[in-house]
Amino acid sequence: MKNILIRLWKEEEGQDLMEYGLLLFMIVLLAAAAIAPLGANIAAFFTSANTCAASPNAANCTAT
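The following paragraphs examine the structure supplied in this document. This is a predicted model, so every value here is computed, not measured. (Residues numbered from 1 in each chain as written. Predicted model: local features only at pLDDT ≥ 70, side-chain atom pairs only at ≥ 80, totals over all residues. Heavy atoms only, no water.)

1. Here we look at the overall build of the protein chain
Logical step 1: A tally of helices and strands in the protein chain yields two helices and zero strands.
Logical step 2: The burial tally for the protein chain puts 2% of its 64 residues in the buried class.
Logical step 3: Entry remark: accessible area of the protein chain is about 6,200 Å², with carbon and sulfur atoms responsible for 69%. (Helix = DSSP H or I, 4+ residues; strand = E, 2+ residues; numbered from the N terminus. Buried < 20%, exposed > 50% of the residue type's maximum accessible area, 1.4 Å probe, protein only. Areas by Shrake-Rupley, 256 points an atom, 1.4 Å probe, with all protein chains shown as cover.)

2. As for a nonpolar patch on the surface
Logical step 1: Together, L38, I42, F45 and F46 line one region of the surface with nonpolar side chains, adding up to about 440 Å² of accessible area.
Logical step 2: Of note, L38 is situated in helix α2 (residues 15-54). (Patch = residues over 30% accessible without salt bridge, like charges linked within 9 Å, V, L, I, M, F, W, Y side chains within 5 Å. Salt bridge = Lys/Arg side-chain N within 4 Å of Asp/Glu carboxyl O.)

Here it is, written out as structure tokens:
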């Protein structure tokens, strides 16, 4: 049993998979943290675009 644990500790074959998993976890975590602040801005942008598409002469619609 001790030999199995020592061999498991010294083998490096699974390290790449673990590193990719941690990298993916960090990317997902950062994306989830970025969604909350960006979500309100994106919703406001599309609401404004919808308002301007419905009535182009509205007060907050400007031609660019």
